[in-house]
Every structure is written in C-alpha cells, then in structure tokens.
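Coordinate analysis (summary)
Listed below are the residues making up each chain.
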Amino acid sequence: SSETFWTTTGMFPQEFIIGFPKCVKISKVAIQCYLVRTLRIERSVSKDPVGFEKCIEKDLQHVEGQLQMEEFPLPDFQATYLRFIIKSAFDHFVSVHRVMAEGT
C-alpha cells in the first residue's frame, strides 16, 4: 500500500528480509526509501533464510523532502530470500516505502 511504510528504530544497522515461495529469477530490484545513506542487498537460495551472500552495496544520494528511488539491475540472479541491510542513514530514523522485484 502506498499509504504504509516501514521505519527503523533508530540504531544501525537495521534489516528486513523478503521471502518468496520458491527460488525465483530476479532481473531487477527497486526500492523507495527516505534518509538511507548506505544500503546492502544480500540473497539466499536456501529453503530457510540462512547463508546470505552480498549482492549489492551502495551509498544513496539524499534530497531533502523527497523519497530516494533506486533500481538495481540483477542479470542472471536467483533468490529465495532477499535481505536488505540499512548500514547507515542521514538521520536517526529512516523509512522504506516500497520494494519491488521484477523477474520470473
């Protein structure tokens, strides 16, 4: 829902995990967030959310009063779980408004 979001509790790092019903092919991940400085995305192809490996780590640009919108192309990428780790922020609290994964 565009009217809801997830917010951190004030300390970093913070993380959340998104799980798929089975291992899927992902071609792109996009995120809309606010005040995130450094974001890392990890994946797991295990049946359970364990054994994560780092895929992407990026420092995001901050524009006051606007959501950050980042897209990450992921060619030949498979995952059962995606872990998003917010390593640092531009303020004490950040928010994540939308996460989208495209693929098959």
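Right above here is the structure, for reference.
Structural notes, computed from the coordinates. Fair warning: this is a prediction, and the values are worked out from it, not measured in the lab.

Some remarks on the overall build of the protein chain
- Scanning the protein chain from terminus to terminus reveals zero helices and six strands.
- In the protein chain, the order of α-helices and β-strands from amino to carboxyl end is β-β-β-β-β-β.
- Computed over its C-alpha atoms, the radius of gyration of the protein chain comes to 13 Å, within 12% of the 13 Å expected for a compact globule of 104 residues.
- By its C-alpha atoms, the protein chain is 35 × 25 × 25 Å across when sized along the principal axes.
- Taken over 104 residues, the protein chain has a buried fraction of 37%.
- Across the protein chain, every contact between residues at least 6 apart in sequence was considered, and the portion connecting residues at least 24 apart equals 80%.
- In the structure as shown, the protein chain presents an accessible area of about 6,400 Å², 51% of it carried by carbon and sulfur atoms.
- The average position of the 12 basic charges and that of the 13 acidic charges among the side chains of the protein chain differ by 6 Å.

A few points about the packing of aromatic side chains
- As enumerated under the stated definition, the model contains two aromatic pairs in all.
- Aromatic side chains F16 and F84 sit 5.0 Å apart centroid to centroid with 5 degrees between the ring planes, which places their arrangement in the stacked category. Remark: F84 occurs in strand 5 (residues 68-89) and F16 occurs in strand 2 (residues 14-34); sequence separation between them is 68 residues.
- The exposure class assigned to F84 is buried, which follows from its relative accessible area of 0%.
- Feature note: the residues W6, F16 and F84 constitute an aromatic cluster, connected by ring pairs.
- Positioned above the aromatic ring of F77, the side-chain terminus of R43 is 5.1 Å from the ring centre.

Here's the deal with the environment of G51
- As for its placement among the helices and strands, G51 is situated in the loop between strand 3 (36-44) and strand 4 (53-59).
- On the basis of relative accessibility, which here comes to 63%, the residue G51 falls in the exposed class.
- Discounting chain neighbours no more than four positions away, the residues touching G51 are R43 and S44.

Overview of the nonpolar core
- Core analysis: the biggest nonpolar cluster contains 22 residues, and I26, L39, L82 and F84 have the highest contact counts within it.
- Breaking this core down by element, the ones donating at least two residues are strand 2, strand 3 and strand 5.
- Tallying contributions element by element places strand 5 first for this core, with eight residues.
- Those residues in contact with F84, other than ones at most four positions away along the chain, are Q14, E15, F16, I18, V29, I31, L39, R40, I41 and V99.

Procedures and definitions
- All residue numbers here refer to positions counted from 1 along the written sequence of the relevant chain.
- Whole-chain, interface and lining totals are the exception, using all residues; otherwise, since this is a predicted model, local features are given only for residues with pLDDT of at least 70 and side-chain atom pairs are given and counted only at 80 or more.
- As a convention, hydrogens and water are excluded, and side-chain values are obtained from all of the structure's heavy atoms.
- In this description a helix means any DSSP run of H or I spanning at least four residues, a strand means any run of E spanning at least two, and both kinds are numbered starting from the N terminus.
- The size measure is the radius of gyration over C-alpha atoms, and the globule rule it meets is 2.2 Å times the number of residues to the 0.38 power.
- For every residue, the accessible area (1.4 Å probe, protein chains only) is compared with the maximum for its type, and the residue is labelled buried under 20%, exposed over 50%, or partly exposed between those bounds.
- Between two residues, a contact is recorded if the distance between any of their heavy atoms is within 4.5 Å.
- Per-residue and other accessible areas were derived by the Shrake-Rupley procedure at a 1.4 Å probe size, with only the shown protein chains allowed to occlude residues.
- For the purpose of counting charges, residues Lys and Arg are taken to be positive, whereas Asp and Glu are taken to be negative. His and the chain ends are not included.
- All charge positions are set by atom: Lys at NZ, Arg at CZ, Asp at CG, Glu at CD.
- Note on aromatic pairs: the rings of Phe, Tyr and Trp (six-membered ring only in Trp) are paired at centre separations within 6.5 Å, and the planes decide the class, stacked below 30 degrees, edge-to-face beyond 60, tilted for the rest.
- Over a ring means this: the NZ of a Lys or the CZ of an Arg is within 6 Å of the ring centre and within 35 degrees of the ring normal.
- Side-chain atoms within 4.5 Å are what join buried Ala, Val, Leu, Ile, Met, Phe, Trp, Tyr and Cys residues into a set we call a nonpolar core.

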